[in-house]
Amino acid sequence: SHRRRWIFEPHELRALRAQARGSFSDAEAELIDDRMLFLMREVGVALLWRAPVVATAKTLYKRFYTKASLEGFDPRLIAVTALYMGAKIEELGQYNLVRLLNAVSKVVKENK
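Please read all numbers here as calculations on a predicted model, not as lab measurements.

The rules behind each value
- Residues numbered from 1 in each chain as written.
- Predicted model: local features only at pLDDT ≥ 70, side-chain atom pairs only at ≥ 80, totals over all residues.
- Heavy atoms only, no water.
- Helix = DSSP H or I, 4+ residues; strand = E, 2+ residues; numbered from the N terminus.
- Core = buried A, V, L, I, M, F, W, Y, C linked by side-chain atoms within 4.5 Å.
- Buried < 20%, exposed > 50% of the residue type's maximum accessible area, 1.4 Å probe, protein only.
- Contact = heavy atoms within 4.5 Å.
- Axes fitted to C-alpha atoms, helices over the stretch in contact; angles between N-to-C directions.
- Parallel < 35°, antiparallel > 145°, perpendicular 65-115°, else oblique.
- Left-handed = near helix turned anticlockwise from the far one by under 90°.
- Nonpolar A, V, L, I, M, F, W, Y, C, P; charged D, E, K, R; others polar.
- Expected span 1.5 Å × (residues − 1).

### Considerations on the environment of F38
Item 1. Assignment of secondary structure puts F38 in helix α3 (residues 26-46).
Item 2. Between the C-alpha atom of F38 and that of A55, which follows or precedes it by 17 residues, the distance is 12 Å.

Below is the structure:
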């Protein structure tokens, strides 16, 4: 069942991403993705998280947007949610959500 739902051929993945893109152009959607993945990486570095935690979060983010539209869900919220879920999945322990949100805020301010 995992294979049927989450493992895609390259042409299937391109079709899903085009559908999720909505009215955004390829370049706009790619820019949004790049910015959110950069944000996730920088937050992981700021919090001294292990690489698998951030990699899991990035995978969750990308998988979410194979099924949902960029127009329907704010990528910033999905990126932060993916970071939190990545920490839980990779068993980072009891993680303080306030600390995560403060780190996101700091990274966003530094990279304006």
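On we go from here.
### Examining the nonpolar core
Item 1. Judged by nonpolar contacts, the single largest core of 25 residues is most densely connected at M40, V43, W49, Y61 and L100.
Item 2. Counting residues per element, the ones that place at least two in this core are α3, α4 (51-67), α5 (75-89) and α6 (97-110).
Item 3. Among all residues touching V43, those that are not within four sequence positions of it are L83, L100, A103, V104 and V107.

### Points about the packing of α3 against α6
Item 1. Packing of α3 against α6 leaves a shortest axis separation of 9 Å and a crossing angle of 120°. In terms of orientation, α3 lies oblique with respect to α6. Crossing angle aside, the handedness with which α3 passes α6 is right-handed. The segment α3 lies against α6, with L39, E42, V43 and A46 engaging L100, A103, V104, V107 and V108.
Item 2. A class-by-class count of the residues in the contact of α3 with α6 yields eight nonpolar, no polar and one charged.

### Brief notes about α5
Item 1. A rise of 1.5 Å per residue sets the reference length of α5, with its 15 residues, at 21 Å; its end C-alpha atoms lie 20 Å apart and thus fit the reference within 8%.
Item 2. Restricting attention to buried positions, one finds in α5 the residues P75, I78, A79, V80, A82, L83, G86 and A87.
Item 3. On its buried face, α5 is in contact with α3, α4 and α6.
Item 4. Following α5 by one or two positions, E91 has its phi on the positive side, about 55°.

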